[in-house]
Amino acid sequence: MLTKRFDPLKGEMLQIMDAEGRIVAPELKPDLSDERVLELYKVMLLTRAADTKALQLQRQGRMLTYAPNTGQEAAQVGSAAVLRETDWLVPAFRELGAWLVKGVSLEHIYLYWYGNEWGSHFPENVRMLPISIPIASQLNHALGLAMASKLKGEDDVTIGYVGDGGTSIGDFSEALNFAGVFSAPVVFFIQNNQYAISVKRAVQTKASTLAQKAVAAGIPGIQVDGNDLFAVYAAVEEAVNRARAGEGPTLIEAYTYRLGAHTTSDDPTKYREDDEVLVWQARDPIKRTKEYLIAQGLWSAEQDEAQVAEYEAYALEVFRKVEETGEPQLEDFFKYTYRDMPEHLKEQYQEYVQYLEGKVK
Amino acid sequence: MALMNLVSTVNHTLDHEMARDERVVVFGEDVGVEGGVFRATVGLQKKYGPDRCFDTPLAEGAIVGMAVGMAINGLRPVAEIQFSGFMYPAYNQIVSHVARMRNRTRGRLTLPLVIRMPHGGGIKALEHHSESLESILGHIPGLKIVVPSTPYDAKGLLLSAIRDDDPVFFLEPSKIYRAFRQEVPEEDYTIPIGKAKIVREGEAVTVVTWGAYVHDVMKAAEQLAAEGIDAEVIDLRTIAPFDRAAIVESVKKTGRFVVVHEAMKTFGPGAELIALVNEKAFLYLEAPPTRLTGFDITIPLPRGEHHYFLDADRIAAGIRDVVNF
């Protein structure tokens, strides 16, 4: 078991592919076909292209506040890739790659950041909760989804995402504790990107790893190289298999880095040095996966360039569609507060409609 | 029919619905083995097993957050918060998630869940055990809030709450958990959420209240009746969304309005009810709409709590002032 072999208390971190795309632990490499690896890599590329476009559009004043994912694609894509369709994914808010793998359309994602609630109305077959801006609170939903699967006798697994900052919040500890007590089929996945907006990881906790927070809950915990697609996949696969077999929860810390800003409202040059960013650029998950694929003869620099251009064009096209159709309908604000609109809401809605109609005259 | 008090009715009703609907699960602190500190869930774990009625570790936020996930994934959770004063750690879950999941997802995900908790005071309980949370919850769009005043109503309202597709807070007045017994039918019946009940018809003044105070207001109304003041008493039963039509119709008839509640006065639920009366029945009023409420103070410890809570005499005095205005 990986969680037995890599002890966070001893500072042991799982890495299978190094920063140059070399396989350093072949015996641990997950059993993924070349086609599947390439497919996952392409989702990583799409994630970055969607980010690049969203940032450009935000600078043009067309997109609103946006939380970029650049640098964390392996953690996101590798973790969600393990799930099957009936498993549940509970996001925080910076897991675009994971959402795409789970089957959410880029149109939904852009529509959400464009400011329209319909962006969180996912299709029936997509078992994903809407993003959760209140930090760590979503982990208890992951716990509840998992508990329901267990009580219904179904073997679906839930994965819940959180950031490094979220591990300081009570909900994080509560969810781990409850999940341990109930042996809930849930995987808690920390994307430790080293910063909670501007606050460094070292300011969140005296603990030397976040994975070791599993110890007090009595559940397995493991720290993995979050920029290593294979390490992420392997750790999550083991955790999901354990959960599905009724063996309870796991805490996984993906050690990664947010190469961009917290959101478009943030300026990271105020709180970190360029040198630090350069170190992490050299560990870029896309760079290393690409180097692996090229070395395997599965991909080429030319193909890569063409694919990036195609995805950026696609992202722009999707955004244009969102711009054309993304204005909300007034009635919807009132309609979805309760199953049936209560009288007082009907009155408030109608009074406002009458006001607007009078204004038009 | 069986004679039941309020807390045994809650127990009977949970049993009734767990037998009828296997999606219903009951959990919270001490609810499993012990059957709840007030015994509202006694016997349920034995009858339905530890998967459907169980104890949780102590963390109200996780209890409510877990209920959110369960409700999304096909269950109908009924979670207990042991005392209303322990609800505050769950407030983030309630405001940020419970209330808005339907709206945030445009109806894709809904939360058919119930949060039960004791409500109000007057039983010489410990600190933090006498809270009235109507305003704290009632200000949040998307929640339904129910307060029963009798065993009969408790069954009909709790069945409606569990079957409702929206999250419902079921606030149980602890003062009347065991105050009296009433015939409660064994069979299935529901009482609609959002409908008030006129418990005493009258012409002189409209008095709206709920929970344990329904009984104190009725005593006051009998005192006043002996003086020739014929009060109409409305048991609001649902705090959100409350029965606006019932209040407005009654005030149009009586021209006078009094609201009686345990919660503090300022920004309390009475302020909202008076705003409604002013908006919808202003020209019918013959006296200023009036609140009889708790003071704007922290509820005193048991030795002094009788100053905070109203009795029938104080309620009668307040109503008399409005009638004689």
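The structure displayed is predicted, hence computed values, not measured ones.

**What to know about the sheet that holds strand S14 (residues 290-294) of chain B**
Sheet strands associate in pairs through backbone hydrogen bonding, adopting either a parallel or an antiparallel arrangement. Residue and element names in this part refer to chain B. The five strands are arranged S9-S11-S10-S13-S14 in an open sheet whose pairing can be described as mixed. Each edge of the open sheet carries a strand with a single partner, namely strand S9 (197-200) and S14. The sheet shows a mean angle of 25° between the axes of neighbouring strands, direction not considered. By the bridge criterion, three bridges tie strand S10 (residues 205-209) to strand S13 (residues 257-264) in an arrangement that is parallel. Across the sheet, the residue bridging to Thr 206 is Phe 257, located in S13.

**Some thoughts on the interface of chain A and chain B**
Every contact between the two is made by 42 residues of chain A and, on the other side, 41 residues of chain B. Together, the buried faces of chain A and chain B total about 3,500 Å²; carbon and sulfur atoms form 61% of this surface. Close ionic contact of Glu124(A) with Arg108(B) constitutes a salt bridge, the shortest N to O distance being 4.0 Å. Put simply, chain A and chain B have 23 residue pairs in polar contact (both at pLDDT 80 or more) between them.

**Some points on the domain arrangement of chain B**
Interfaces are often described in size by the accessible area the parts lose on coming together. Residues and elements named next belong to chain B. Here the domain parsing of chain B yields domain 1 (2-184) and domain 2 (197-323). Summarising the inter-unit geometry, the C-alpha centres of domain 1 and domain 2 are found 26 Å apart. Taken together, the contact pairs 26 residues of domain 1 with 23 residues of domain 2. Summing the contributions of domain 1 and of domain 2, the shared interface buries around 1,900 Å²; its carbon and sulfur component is 55%.

**With respect to the pattern of salt bridges**
For the structure shown, the criterion picks out 45 salt bridges over all chains. Residue Asp267(A) is joined to Lys270(A) by a salt bridge in which the shortest nitrogen-to-oxygen separation is 3.6 Å. The class of Asp267(A) is partly exposed, set by a relative accessible area of 33%. Using a relative accessible area of 70% as the deciding quantity, one classes Lys270(A) as exposed. Note that Asp165(B) and Arg76(B) form a salt bridge whose closest N and O atoms lie 2.7 Å from each other. Residue Asp165(B) is located in the loop between helix H7 (151-163) and strand S7 (168-173), and its partner Arg76(B) is located in strand S4 (residues 76-80); the two are separated by 89 residues in the primary sequence. A single network of salt bridges, built from pairs that share partners, joins Arg84(A), Asp87(A), Arg127(A), Asp155(A), Asp156(A) and Arg244(A).

**Here we look at the domain arrangement of chain A**
Residues and elements named next belong to chain A. Per the domain assignment, the segments of chain A are domain 1 (2-328) and domain 2 (329-361). On a C-alpha basis, the centres of domain 1 and domain 2 stand 39 Å from each other. Counting residues at the interface gives four residues for domain 1, matched by five residues for domain 2. Between domain 1 and domain 2 lies a buried interface of about 340 Å² when both sides are counted; carbon and sulfur atoms form 50% of it. Of all residues in domain 1, Glu 117, Trp 118 and Pro 328 bury the most surface against domain 2, accounting for 93% of the area lost on that side. If you look at where domain 1 meets domain 2, you find zero salt bridges. Joining domain 1 to domain 2, the criterion identifies one residue pair in polar contact (both at pLDDT 80 or more). The residue makeup of the side of domain 1 that touches domain 2, split by class, is two nonpolar, no polar and two charged.

**Digging into a nonpolar patch on the surface**
Residues and elements named next belong to chain B. Taken together, the side chains of Phe 282, Leu 283 and Tyr 284 define a hydrophobic patch exposed on the protein surface, amounting to about 400 Å² of accessible area. Here Leu 283 shows up in the loop between helix H10 (269-281) and S14. For Leu 283, a relative accessible area of 79% gives the class exposed.

**Re unusual backbone geometry**
Residues Ala240(B) and Pro241(B) are joined by a peptide bond in cis, for which omega reads -10°. Turning to its location among the elements, Pro241(B) is positioned in the loop between strand S12 (238-240) and helix H9 (244-254). One non-glycine residue, Ala136(A), lies in positive phi territory at about 75°. The residue Ala136(A) is located in the loop between helix H5 (106-114) and helix H6 (138-151) in this model. Of note, Arg39(B) is a non-glycine position whose phi angle comes to about 70°, a positive value. One can find Arg39(B) in the loop between strand S2 (24-28) and helix H2 (44-48).

**Overview of helix H12 (residues 285-295) of chain A**
Residues and elements named next belong to chain A. Of the residues making up H12, those classed as buried are Pro 285, Ile 286, Arg 288, Thr 289, Tyr 292 and Leu 293. Next to the buried residues of H12 lie helix H2 (34-59), helix H3 (73-80), strand S7 (221-225) and helix H10 (229-244). Put simply, Asp 284 is the residue that caps the front of H12, since its side-chain oxygen is 2.8 Å from the backbone nitrogen of Ile 286. Two residues or fewer after H12 comes Gly 297, characterised by a positive phi angle close to 75°.

**Structural notes on the environment of Tyr349(A)**
All names here are of chain A. Secondary-structure assignment places Tyr 349 in helix H15 (residues 343-360). Placed 14 residues apart in sequence, Tyr 349 and Lys 335 show a C-alpha to C-alpha distance of 9.4 Å. Other than its neighbours up to four places away in sequence, Tyr 349 contacts Leu 330, Glu 331 and Phe 334.

**Digging into the nonpolar core**
Counting 82 residues, the largest nonpolar core has Phe169(B) and Ile247(B) as its most contacted members. At nine residues, the largest contribution of residues to this core is made by helix H3 (residues 60-72) of chain B. Every residue in contact with Ile247(B), bar those within four places of it in the chain, is listed here: Val208(B), Ile234(B), Leu236(B), Phe242(B), Phe257(B), Leu273(B), Leu276(B) and Val277(B). Counting residues in hydrophobic clusters, the runner-up holds 78 residues, among them Ala74(A), Leu83(A), Ala315(A) and Phe319(A).

**Quick word on the packing of aromatic side chains**
To describe a pair of aromatic rings, you give the distance between the ring centres and the angle between the ring planes. Residue and element names in this part refer to chain A. Going through the model one piece at a time under the given rule, you end up with 22 aromatic pairs over all chains. Ring geometry for Tyr 161 against Phe 189: centres 5.3 Å apart, planes inclined by 65°, an arrangement best described as edge-to-face. Of the two residues, Tyr 161 sits in strand S3 (residues 158-163) while Phe 189 sits in strand S4 (residues 186-192), which places them 28 residues apart along the sequence. In terms of burial, Tyr 161 and Phe 189 fall into one category: buried. Seen from their ring centres, Phe 178 and Phe 182 are 6.1 Å apart, and the 70° between their planes marks the pair as edge-to-face. Placement of the pair is Phe 178 and Phe 182 together in helix H7 (residues 170-182), with a separation of four residues, close to one helical turn. Of the two residues, Phe 178 and Phe 182, both sit in the buried class. Through successive ring pairs, a cluster of aromatic residues spans Tyr 195, Tyr 255, Tyr 257, Tyr 271 and Trp 280.

**Topic: the environment of Val77(A)**
Residue and element names in this part refer to chain A. Note that Val 77 resides in helix H3. In sequence terms Val 77 and Met 44 are 33 residues apart; their C-alpha atoms lie 6.5 Å from each other. Discounting chain neighbours no more than four positions away, the residues touching Val 77 are Leu 40, Val 43, Met 44, Thr 47, Gly 97, Ala 98, Val 101 and Leu 229.

What counts as what
Residues numbered from 1 in each chain as written. Chains lettered and ligands numbered in written order. Predicted model: local features only at pLDDT ≥ 70, side-chain atom pairs only at ≥ 80, totals over all residues. Heavy atoms only, no water. Pairing = 2+ DSSP bridges. Helix = DSSP H or I, 4+ residues; strand = E, 2+ residues; numbered from the N terminus. Axes fitted to C-alpha atoms, helices over the stretch in contact; angles between N-to-C directions. Contact = heavy atoms within 4.5 Å. Buried area = accessible area lost by both parts, 1.4 Å probe. Salt bridge = Lys/Arg side-chain N within 4 Å of Asp/Glu carboxyl O. Polar contact = N/O pair within 3.5 Å; in protein donor to acceptor, adjacent residues only side chain to side chain. Domains from an automatic or database assignment. Buried < 20%, exposed > 50% of the residue type's maximum accessible area, 1.4 Å probe, protein only. Nonpolar A, V, L, I, M, F, W, Y, C, P; charged D, E, K, R; others polar. Patch = residues over 30% accessible without salt bridge, like charges linked within 9 Å, V, L, I, M, F, W, Y side chains within 5 Å. Areas by Shrake-Rupley, 256 points an atom, 1.4 Å probe, with all protein chains shown as cover. Core = buried A, V, L, I, M, F, W, Y, C linked by side-chain atoms within 4.5 Å. Phe/Tyr/Trp six-rings, centres within 6.5 Å; stacked < 30°, edge-to-face > 60°.

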